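# Examination of the molecular architecture
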Amino acid sequence: MSDGQGTKAPWLPPRWFIRLAWSVHRGLYRVTGSKVGLWRPREHRWGTLRLTTTGRRTGQQRSVIIAYFEDGPNLAGVAMNGWGEGAPAWWLNLQAHPDASVELADGRRLVRGRAATDDERSRLWPRWREADKNFDAHAARRSSETTVVILEPRSEGEFPSSGQRPNAR
């Protein structure tokens, strides 16, 4: 990897290929009736979940499959956009509307999304590094820090994080 004159960035497939892979993954999930496409994390390996957010502009439900680790009752992901520049739409949606839901390999859960605190990020980042030896090098491609996203459980009866009851006057 290093030739003494600098470190070569690890290879990434072209953006069109990454987007195609995401589409195929979502298609398999849909075609199999949710039986293929989600898995639980294991030691040194992330899992996948289906996150459904509320669109920040449209107000419509938007779903995406992302990688995650469990952190006690919380789920932790990274807002990485396929290592491309900018924040992924799902993270922008969560910032505007933190209340969301996730489908895991073993069921559905209501969550509230937020950025990890500095302490949480410092503790969780190495778990991603253990799962992918090139994680730091891929993150270094981005001009801004990659956000670690925490999805905290919430109960069915909780009202949206705005504090307003639906249809309240």
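For the structure itself, look to the data block above.
Overview of the structure.

### Some words on the overall build of the protein chain
In terms of helices and strands, the protein chain carries four helices and six strands. Along the chain direction, N to C, the helices and strands of the protein chain fall in the order α-β-β-β-α-β-β-α-α-β. Among the 169 residues that make up the protein chain, the fraction classed as buried is 37%. Within the protein chain, counting contacts between residues at least 6 apart in sequence, those at least 24 apart form 65% of the total.

### Focus on the sheet that holds strand E6 (residues 147-153)
Strand order in the closed barrel made by the six strands is E1-E2-E3-E6-E5-E4, with antiparallel pairing throughout. Put simply, the sheet's adjacent strands are angled 45° from each other on average, direction ignored. As paired elements, strand E2 (residues 61-71) and strand E3 (residues 74-79) share three bridges and run antiparallel to each other. Following the sheet pairing, Asp71 is matched in E3 by Asn74.

### Details of the side chain of Asp71
Within the secondary structure, Asp71 sits in strand E2. Taking relative accessible area as the criterion, Asp71 reaches 15% and is therefore assigned buried. Of the polar contacts made by the side chain of Asp71, one reaches the side chain of Arg123; its length is 2.6 Å. Ignoring anything within four residues of it in the chain, the contact list for Asp71 reads Arg123, Leu124 and Arg127.

### Quick notes on the nonpolar core
Leu49, Leu51, Trp90, Leu94, Val102 and Leu151 are the most contacted members of the largest nonpolar core, which has 15 residues in total. When residues of this core are traced back to their parent elements, those giving at least two are strand E1 (47-54), E2, E3, helix H2 (89-96), strand E4 (99-104) and E6. Those residues in contact with Leu151, other than ones at most four positions away along the chain, are Leu49, Leu51, Asn74, Leu75, Leu94, Val102, Val111, Arg112 and Gly113. With twelve residues, the next largest nonpolar core counts Val78, Ala116, Ala139 and Ile150 among its residues.

The rules we used
- Residues numbered from 1 in each chain as written.
- Predicted model: local features only at pLDDT ≥ 70, side-chain atom pairs only at ≥ 80, totals over all residues.
- Heavy atoms only, no water.
- Helix = DSSP H or I, 4+ residues; strand = E, 2+ residues; numbered from the N terminus.
- Buried < 20%, exposed > 50% of the residue type's maximum accessible area, 1.4 Å probe, protein only.
- Contact = heavy atoms within 4.5 Å.
- Pairing = 2+ DSSP bridges.
- Axes fitted to C-alpha atoms, helices over the stretch in contact; angles between N-to-C directions.
- Polar contact = N/O pair within 3.5 Å; in protein donor to acceptor, adjacent residues only side chain to side chain.
- Core = buried A, V, L, I, M, F, W, Y, C linked by side-chain atoms within 4.5 Å.

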